[in-house]
Amino acid sequence: MKRGPISNTEFEFEATPTMAISTSECSLASINNCRKPHKYNFTSVYKSLSFLSVSYTNSSVLHVSCSTTCSSDHQVLEETPTDLPVVQLDFTFQESQQVHQDQSSKNLNETLCGLLQNPQTEKLAFEYYKKARENPEFRPERSMLRLLFRYLEQSKNWDLILLVFKDLESYHVLPDAYTCSGLITSCISARKFRVLQGLLDVVQFDSTIAILAFDSAMKGYNKLHMFKCTIDVYDRMNSAGIFPNSECYCQIMQACGKIGDSERVVQLFCECQSRKLETSPSVSRKMYKILIDSLGKSGRAFEALEYFRDMTKKGIVGDSFVYSSLICSFARKREVKIAEELFREAGEKRMLRDPELFLKLVLMYIEDGLMEKTLEVARAMRMANLKVSDCIFCTIVNGYSKRRGFRVAIRVYEKLVSEGFKPGQVTYASIINAHCQIGLYSEAEMLFSEMTQKGFDKCVVAYSSMVAMYGKTGRLNDAMKLVAKMKARGCQPNVWIYNSLMDMHGRAKNFRQVEKLWKEMKRRKVAPDKVSYTTIISAYNWSREYDMCVRYYQEYRINGGTIDKAMAGIMIGIFSKISRIDELVKLLQDMRSEGTPLDGRLYWSASNALRDAGLENQAKWLQENLGARVTSRQVLC
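To start, this report covers the structure provided alongside it.

How each quantity is defined
Residues numbered from 1 in each chain as written. Predicted model: local features only at pLDDT ≥ 70, side-chain atom pairs only at ≥ 80, totals over all residues. Heavy atoms only, no water. Helix = DSSP H or I, 4+ residues; strand = E, 2+ residues; numbered from the N terminus. Expected span 1.5 Å × (residues − 1). Buried < 20%, exposed > 50% of the residue type's maximum accessible area, 1.4 Å probe, protein only. Contact = heavy atoms within 4.5 Å. Salt bridge = Lys/Arg side-chain N within 4 Å of Asp/Glu carboxyl O. Polar contact = N/O pair within 3.5 Å; in protein donor to acceptor, adjacent residues only side chain to side chain. 1 Å grid on protein atoms, 1.4 Å probe; cavity = no way out; pocket = protein on both sides within 12 Å on 5 of 7 lines; lining within 4 Å. Points joined across faces, edges and corners; volume = space filled by probe spheres on them. Nonpolar A, V, L, I, M, F, W, Y, C, P; charged D, E, K, R; others polar.

Below, the discussion takes up helix α15 (residues 336–348). Here α15 contains 13 residues, and its C-alpha end-to-end distance of 18 Å stays within 8% of the 18 Å for a straight helix at 1.5 Å per residue. Listed as buried for α15 are Val336, Ile338, Ala339, Glu340, Leu342, Phe343, Glu345 and Ala346. At its buried positions, α15 is contacted by α13 (301–313), α14 (320–332), α16 (355–367) and α17 (371–383).

Structural data, given as structure tokens:
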């Protein structure tokens, strides 16, 4: 073949049936088994990029055949089946000094855009970009930058994104506001906070884009509940001399409201109002909502009401959230009349949609003893097409139990059920406990059976009430069967259930079963409480294993347990029986320091134990220090 002269900026070679292309980062290996041939026209690329030198004879189309299964780092140039002339190609990146000075910036941007629009040449396009930026005449355009950042974001090249952004600072050009905001949002979602800080550093020279970028950063931090970071971004925005818009004020007000800084929320709101910024109705409504909610939660309900009235005068319509916040804030302050007035107003506007406000009203009425009002609240929920939650139903029942007694609470429960209100797991547990407290054991069993049939078979509180009821009635076998069913259903016993079982077995003098239950409780990592230790010590006391009693008492004290009358009564008797007078005196001293009262029986028992041991001085000390607290009537008893 006849060859032409080789120039200084061009290296030519002959294309063979299979030839490799070398780039600045990797050499393209030849691959033989190709499934689908793809055609690329390198003529336009050659005309735009001077560092890519291509010599060709008669055909400008070069067939590139690659397999769909081959690596993206390797491509193969193969001859087509037809007789094509030999193609001479140089695909080597040249040094920056070899870039032709007459290459226009516009052509470079257009070429890069063409490469970035093709998924198979995106990676190669970034390499071209790195060479193109060495051309002093190259100026990146926003259309190209949008495609470039889309590729880098999709490939998760966060460090390269930051690197390109810092390049743009020298060009004094930025992508469009939409691209910048999207990059910042993606950085926060990917937790790339270092990259985010770098992007915010660069965008500051363009105030229009900077405002939207900082707004996106604050919005992203708020979604992650990183409210202090939102405040830091806002302070950084102010220090850079960038004036926030109304959307930025919304974001910073939300962050301050979430951390409970209502004073700053008011300050920011007033600042935004004084600047008379152009604000859409939706943003204005959101700002008032944040302000009213923040004031209400901080106990400034009357100030919140004033801003609410001001919002109404301006023609900004309040929504269900505003009414809920106001009603809840006045309910917490137990301002019954204002809360009821707002409740009626919201009902007329059909804005009673938040179950929380109904719960707050129920709690307010219970605190004020207006129990009949709680039933009106439940009926109002039905009128508003809202389901009376199990929490509200249970609160009403427990409120009646506390204020009017268990029998009245049972009647109210039956009345609500007859009106169509459906109890849930928590309500069932409360009403079962009410029946057990007044000795209606058969009714409690019926309710428990009804509860389990409805699928509420994993309520530990209900099981605890039933086991305690079996303990009061001496039905030990029924209690053990119920606990076995409980375990089979995947519900683990709590400390109350273990205490009831150990107490029942202790009274039945099944001391081995008590010890077995104690070990099971420890194995299941259920922490014993004061009742647990009192029960196990009492069991060993009944079996006259006093050393075990002392051991568990010492363990109880090491774990921080305090001494009450029950524990003191048991241990004074044990120390007296085994003549451990030093520990008895220590127990009495601990009782005095902890303020545990000493009744006549304990005082008499301790005094006799000290005198029988010949410790008259200690008995005298007991009389001088604790005897004044015990009346003569208590001693005689």
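For the rest of this paragraph, the subject is the pattern of salt bridges. Pairing between side chains becomes possible if they bear opposite charge and their charged atoms approach one another. For the structure shown, the criterion picks out 31 salt bridges. With a shortest N-O distance of 3.3 Å, arginine 300 and glutamate 263 are connected by a salt bridge. Of this pair, arginine 300 sits in the loop between α12 (281–297) and α13 while glutamate 263 sits in helix α11 (residues 262–275); the two residues are 37 residues apart in sequence, bridging distant segments of the chain. On the accessibility criterion, glutamate 263 (51% relative accessible area) is exposed. Among the ionic pairs, aspartate 478 bridges to arginine 475, the shortest N-O distance being 2.8 Å.

Another point: the environment of arginine 275. Relative to the elements of secondary structure, arginine 275 occurs in helix α11. C-alpha separation for the pair arginine 275 and serine 246, spaced 29 residues apart in sequence, amounts to 9.7 Å. Among residues more than four places away in sequence, those in contact with arginine 275 are Phe243, Pro244 and Tyr249. Within the structure, the side chain of arginine 275 is placed 2.8 Å from the backbone oxygen of proline 244, a separation counted as a polar contact. A polar contact of 3.3 Å, which involves the side chain of arginine 275, links it to the side chain of tyrosine 249.

Unoccupied space between atoms shows up once a probe the size of one water molecule is rolled over them. Space inside the second largest pocket adds up to approximately 240 Å³. When contributions to the lining of the second largest pocket are tallied by element, the ones reaching two or more residues are α10 (246–258) and α12. If you tally residues by element for the lining of the second largest pocket, the top one is α12, at six residues. Taken together, the residues that form the lining of the second largest pocket break down as two nonpolar, three polar and five charged.

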